[in-house]
Amino acid sequence: MNQTPLEILKNSLLAAFGLFCFGVGVYLTIQANIGVAPWDAFCIGLSQKLGILYGTASIMISLTIVVIDLLLKERIGIGMILDAIVVGKAVDFCNWLNPVPTLQNPFAGVLLMLTGLFVMGFSQFIYMKAALTCGPRDSMLVALGKRLPRVPLGVISIGILVIVLAIGWLLGGPIGIGTVISTFCMGPMMQLAFALVKFDAKKVEHQDLLRSFRVLFSKK
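Everything numeric in this text was worked out from a predicted model, so none of it was measured.

1. Details of the confidence of the model for the protein
Note: predicted coordinates in regions of low pLDDT should not be interpreted at a detailed level. On average, the protein scores 92 in pLDDT, and the residues at 70 or more come to 99%. For the protein, helix H6 (residues 136-147) is the element with the lowest average pLDDT, namely 88, and helix H2 (residues 38-50) is the one with the highest, namely 97.

Quick look at the structure:
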């Protein structure tokens, strides 16, 4: 996979489409109006404090994490860069269209939250299938795991989420039952989506930016 410029182009478009769908899922979880995931609370809180769009705040945070990934000597790729840009702007696009009103019924909110999480889980299959590296946050988690080998990856993940959630809360991001649901149900929803399409993420061999450049600009 991704051994020719055409394959890289096709899979870059596939990754971008998957990430756009992921942004649609994020939008649905926000419109559920029962609290959002820790990273989204951070983005929303930052956007409100700075008076900028959600997507702009998301890009600022994601690009900062990309820099951290580089400092931690983690591989980056086309997929990671697309992730940093597309997801947030997809949310902005959905906010502009506003196809789903902000819900006021908590029970309907829970259903919409779960729907959004499933859309996000299925979108990760599309994005990861492109094999152009994972997102900035996942790479940071892996990098920290390598440097803290005695600490379980799950504990590191929880630690990151607690810090992000605290920042989001201090910035005024929406925290609620949806925050709990998204934190504990995102993983199972992703696994459900992967099981439905019989996708094994562990078998994907991701191509980093250097290898992509070699394919794109090699002279044959």
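2. Here's the deal with the packing of aromatic side chains
Applying the stated criterion across every chain yields a total of seven aromatic pairs. When the ring of Phe20 is compared with that of Phe93, the centres are 6.0 Å apart and the planes differ by 55°; the resulting orientation is tilted. Taken together, the residues Phe20 in helix H1 (residues 5-31) and Phe93 in helix H4 (residues 78-97) connect sequence positions 73 residues apart. What makes Phe93 partly exposed here is its relative accessible area of 37%. A centroid spacing of 5.1 Å and a plane angle of 85° characterise the contact between Phe194 and Phe199, whose relative ring orientation is edge-to-face. Comparing Phe194 with Phe199, the two get one shared label, buried. An aromatic cluster is present here, built from Phe122, Phe125, Phe194 and Phe199 joined pairwise through their rings.

Rules used in this analysis
Residues numbered from 1 in each chain as written. Predicted model: local features only at pLDDT ≥ 70, side-chain atom pairs only at ≥ 80, totals over all residues. Heavy atoms only, no water. pLDDT = per-residue confidence, 0-100. Helix = DSSP H or I, 4+ residues; strand = E, 2+ residues; numbered from the N terminus. Phe/Tyr/Trp six-rings, centres within 6.5 Å; stacked < 30°, edge-to-face > 60°. Buried < 20%, exposed > 50% of the residue type's maximum accessible area, 1.4 Å probe, protein only.

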